Amino acid sequence: MSIDYDRILDQMVGAAREAGALTLNHFKNFRDLEIGIKGPGDFVSDADRQSEQLIRKRLFEINPDWSLTGEEFAPVDGSDPDHRWLVDPIDGTTNFIYGQHYTITIALRRGNQTLCGLVYDPVADEMFTAKKGGGAFLNGERLHVSRSTDIAMMCVGTGLPTPNLSLHPGAYARLDAIRAPIGAVRIVGSAANSCAWVACGRLTGYFEETGFVDTAAGILLVEEAGGVVSDWWGRGADIYEQTGCLIVANAATQAYLLDHLKDVPPKNPAA
């Protein structure tokens, strides 16, 4: 039986909008949130958990046999292991708890392919959606990555982990390696939103060591908007999905980042 992935993406959008409304109720009172700490610089709130619970419920209503991996609870391995949801109920929790923009991201995978996905910024009411082979959209408008090739006009997103984080080694060396000739560096605070901003041209590129659950939908957005995706040494999905060393960019910015990141790797590039 054929599966209507357009209809499923519409249902994913509905789930994300519900979770957006729920999290916004917490967000409006961000100064009063009760915050838990999962690890150094890794925060969690009741809103994260409630958002994922709501999204899980809605997704399993679509198909109870599919599998699911989320950020806040143990994975669910369904009777159909080939289809798997990836859910980050609040990407950018640090942003969220400080009253800054955050995102909700959901992707649907079949095997090693992302079929459709979304990145939703509830504060701005921006819904980024993509379907494999069907383009990328922001609130229904077709997206294209920046066409700029001028190094002096490049605007690159990244993250800057504090020294107590495992991602810290090499982070500032990488920033120093790429920042001098380009136009700007921006820290969006959400990996998913950073990818979405590349897809719509607000950033010409983005690089960071990050989790695949956070970025699967955003990667599809960039690909469907005409961008390129690789690890920091130009390798494909079989590598960056495992290591998290991700570049999403237009072609010119990817070439620039590959050239300037290669000498400051965080780990053995042959790994």
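In this text the structure is predicted, and so the values were computed from the model without any measurement.

About the thresholds
Residues numbered from 1 in each chain as written. Predicted model: local features only at pLDDT ≥ 70, side-chain atom pairs only at ≥ 80, totals over all residues. Heavy atoms only, no water. Pairing = 2+ DSSP bridges. Helix = DSSP H or I, 4+ residues; strand = E, 2+ residues; numbered from the N terminus. Contact = heavy atoms within 4.5 Å. Axes fitted to C-alpha atoms, helices over the stretch in contact; angles between N-to-C directions. Buried < 20%, exposed > 50% of the residue type's maximum accessible area, 1.4 Å probe, protein only. Phe/Tyr/Trp six-rings, centres within 6.5 Å; stacked < 30°, edge-to-face > 60°.

Chemist: Please clarify how the pairing of strand 8 (residues 135-138) should be interpreted in this entry.
Modeler: In the case of a regular strand, side chains alternate between the two sheet surfaces. Inspection of the sheet shows strand 7 (residues 126-131) paired to strand 8 by four bridges, in the antiparallel sense. When the sheet's bridge partners are listed, A130 is paired in strand 8 with A136. Between the antiparallel neighbours strand 7 and strand 8 lie three residues, among them G133 with a positive phi of about 80°. Examined bridge by bridge, strand 8 and strand 9 (residues 141-142) share two bridges and lie antiparallel to one another. Counted as the bridge partner of F137 is R142 from strand 9. A loop of two residues connects strand 8 with strand 9, the two strands running antiparallel in sequence, and N139 in this loop sits at a positive phi of about 50°.

Chemist: Sorry if this is basic, but what is going on with the environment of G157 here?
Modeler: Within the secondary structure layout, G157 lies in strand 10 (residues 155-157). Through-space distance from the C-alpha of G157 to that of F207 is 6.4 Å; in sequence the pair is 50 residues apart. Setting aside residues no more than four positions away along its own chain, G157 makes contact with R186, L203, G205, Y206 and F207.

Chemist: Would you take a moment to explain the sheet that holds strand 11 (residues 184-186) for this structure?
Modeler: By way of backbone hydrogen bonds, the strands of a sheet pair with one another, either parallel or antiparallel. With respect to topology, five strands assemble into an open sheet ordered 11-10-12-14-13, the strand pairing being mixed. This sheet does not close on itself; its edge strands, each paired only once, are strand 11 and strand 13 (228-230). Each adjacent strand pair in this sheet contributes to an overall mean axis angle of 15°, direction not counted. In the sheet, strand 10 pairs with strand 12 (residues 205-209) via two bridges, with the strands oriented parallel. Counted as the bridge partner of G157 is Y206 from strand 12.

Chemist: Help me understand the pairing of strand 14 (residues 245-249) in this model?
Modeler: The element strand 14 is largely enclosed, with a buried count of five among its five residues. Of the two faces of strand 14, the one holding C245, I247 and A249 and the one holding L246 and V248 are both buried throughout. Pairing of strand 12 with strand 14 involves five bridges; the strand directions are antiparallel. Bridge assignment links E208 to a residue of strand 14, and that residue is L246. Strand direction decides the pairing type here: strand 13 and strand 14, joined by three bridges, are antiparallel. Following the sheet pairing, V229 is matched in strand 14 by V248.

Chemist: Can you help me understand the environment of G227 in this one?
Modeler: Considering the arrangement of structural elements, one finds G227 in the loop between helix 6 (212-224) and strand 13. You can call G227 buried: its relative accessible area is 14%. On a C-alpha basis, the gap between G227 and G205 in space is 9.0 Å, while along the polypeptide they are 22 residues apart. G227 has contacts with V145, V222 and A249, leaving out every residue within four places of it along the chain.

Chemist: Honestly, the packing of aromatic side chains in this entry has me stumped. Any pointers?
Modeler: Remark: the centre distance and the inter-plane angle together describe each pair of aromatic rings, the angle taken between the planes. Within the structure shown, the criterion is met by six aromatic pairs. When the centroid spacing of 5.4 Å and the interplanar angle of 50° are considered together, the rings of W66 and W85 count as tilted. Taken as a pair, W66 in strand 3 (residues 66-70) and W85 in strand 4 (residues 80-91) lie far apart in primary sequence, 19 residues in all. Exposure class is identical for W66 and W85. Each is buried. Between W232 and W233, the aromatic rings sit 6.2 Å apart at their centres with planes inclined by 45°, giving tilted as the arrangement. Members of the aromatic cluster, connected to one another through ring pairs, are F27, F96 and Y102.

Treat this as a map of the structure, not an account of what it does.
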